[in-house]
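# Structural characterization, general
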Amino acid sequence: MRIRILGPLHAETAGAPVVPSAAKTRQIMALLALHPGHPVPVATLKEELWGAVPPNSAHSTLQTYVLRLRRALAAALGRPYGAPETGPDSGAARARALLATGHDGYLLRVAESDVDAFAFQRAAQAGHSAFADGDSARAARLLREALALWKGPALVDVRAGAALRIHAARLEEARLLATERRLDAELRLGLHGELLAELVELTRLHPANERLYAQAMVAFYRAGRQSEALQLYRGLRRRLVEELGLEPAPQLQRLHQAMLSVDPRLDAPAHGGRPTPTFDLYAA
């Protein structure tokens, strides 16, 4: 069974799609997919579906939702759930084996490699490690491959309760960190000109993210557009002061001063030495 949650929810088994239409059934599938091969307690599922105070009928209603999901799986496996066929290879038996009842919970018997979120995490970690080892080209390639698994915001079409909101937020943060590290790697490779449009859009989407602003400033500076690099800093500083009462981080202030003084260390990408993230180029 293959499951995608990095964007719209999609699942298929034996080549046939299994995409529940009911909102709560979709929640169950998504939460089980985020714990592949491990049981999710009934209490956790109830809280996800109904909040901290589930109705008295929650247990039986949950069982009904699981039954509907098993029926969808059986149909995808080629035999409607409840059909007269019996035996270990029947659709019903295979559906029960795939969506199993565990100790006080339910689990999907799938591997982490069958869920795109875990494939992303593995590829992203490999990219982070390559960057730390100083291999910017490999880091950029691996991180681009990881980010290509995303088809939209995590769980974009799934109504999320408390548990799914936390998972989605963690995945989005990991996506942003992978994007930042990929940009660091590509800046080290001298690709500043190719990154300008993307960085402008990213700073628009994340108007208080100082790491992205540092990358955008360096890209504009190396592209010979120092005035625009300085304008980015001024705009960020004004926003931070007016909205939060904060000055930019010391690293960003020192980067700004380096640009004002035309520090020659900013002129070209670093092809060797310690693989420092752009935001930390002028760390204390």
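Residues numbered from 1 in each chain as written. Predicted model: local features only at pLDDT ≥ 70, side-chain atom pairs only at ≥ 80, totals over all residues. Heavy atoms only, no water.

A separate point is the nonpolar core. The biggest cluster of nonpolar side chains holds 49 residues, and the ones touching the most others in it are Met1, Ile3 and Ile5. Counting residues per element, this core draws most heavily on helix H3 (residues 58–76), which supplies 7 residues. When sequence neighbours within four positions are dropped, the list of residues in contact with Ile5 reads Leu34, Val115, Asp116, Ala117, Pro153, Ala154, Leu155 and Leu171. Counting residues in hydrophobic clusters, the runner-up holds 30 residues, among them Leu212, Val218, Ala229 and Leu232. (Core = buried A, V, L, I, M, F, W, Y, C linked by side-chain atoms within 4.5 Å. Buried < 20%, exposed > 50% of the residue type's maximum accessible area, 1.4 Å probe, protein only. Helix = DSSP H or I, 4+ residues; strand = E, 2+ residues; numbered from the N terminus. Contact = heavy atoms within 4.5 Å.)

What follows covers the packing of aromatic side chains. A full pass over the atoms with the stated rule returns 2 aromatic pairs. Ring geometry for Trp50 and Tyr65: centres 6.3 Å apart, planes at 25°, overall stacked. Within this pair, whereas Trp50 is found in helix H2 (residues 42–50), its partner Tyr65 is found in helix H3, the two being separated by 15 residues in sequence. Here the basic side chain of Arg181 rests over the ring of Phe131, its NZ or CZ set 5.3 Å away from the ring centre. (Phe/Tyr/Trp six-rings, centres within 6.5 Å; stacked < 30°, edge-to-face > 60°. Lys NZ or Arg CZ within 6 Å of the ring centre and 35° of its normal.)

Once that is clear, we can look at the sheet that holds strand E1 (residues 2–4). On the basis of which strands lie adjacent, the open sheet formed by 3 strands has the order E1-E2-E3 and antiparallel pairing. Both outer strands of the open sheet, E1 and strand E3 (16–17), are each paired with one neighbouring strand and no more. As paired strands, E1 and strand E2 (residues 10–13) are joined by 3 bridges and run antiparallel to one another. Bridge pairing links Arg2 to Glu12 in E2. (Pairing = 2+ DSSP bridges.)

Opposite charge on two side chains permits pairing when their charged atoms draw close. One pass over the structure, following the stated rule, counts 13 salt bridges. Residue Glu172 pairs with Arg175 through a salt bridge whose shortest N-O separation is 3.6 Å. A residue pair is termed a helical-turn pair when its members lie 3 or 4 positions apart in one helix, as Glu172 and Arg175 do in helix H7 (residues 162–188) at 3 residues. The partly exposed category is assigned to Glu172, whose relative accessible area is 27%. When its relative accessible area of 25% is taken as the criterion, Arg175 is described as partly exposed. When the shortest N-O distance is used, the salt bridge between Glu201 and Arg204 registers 2.5 Å. Taken as a pair, Glu201 and Arg204 lie in helix H8 (residues 192–205) at a separation of 3 residues, close to a single helical turn. The class of Glu201 is partly exposed, set by a relative accessible area of 35%. (Salt bridge = Lys/Arg side-chain N within 4 Å of Asp/Glu carboxyl O.)

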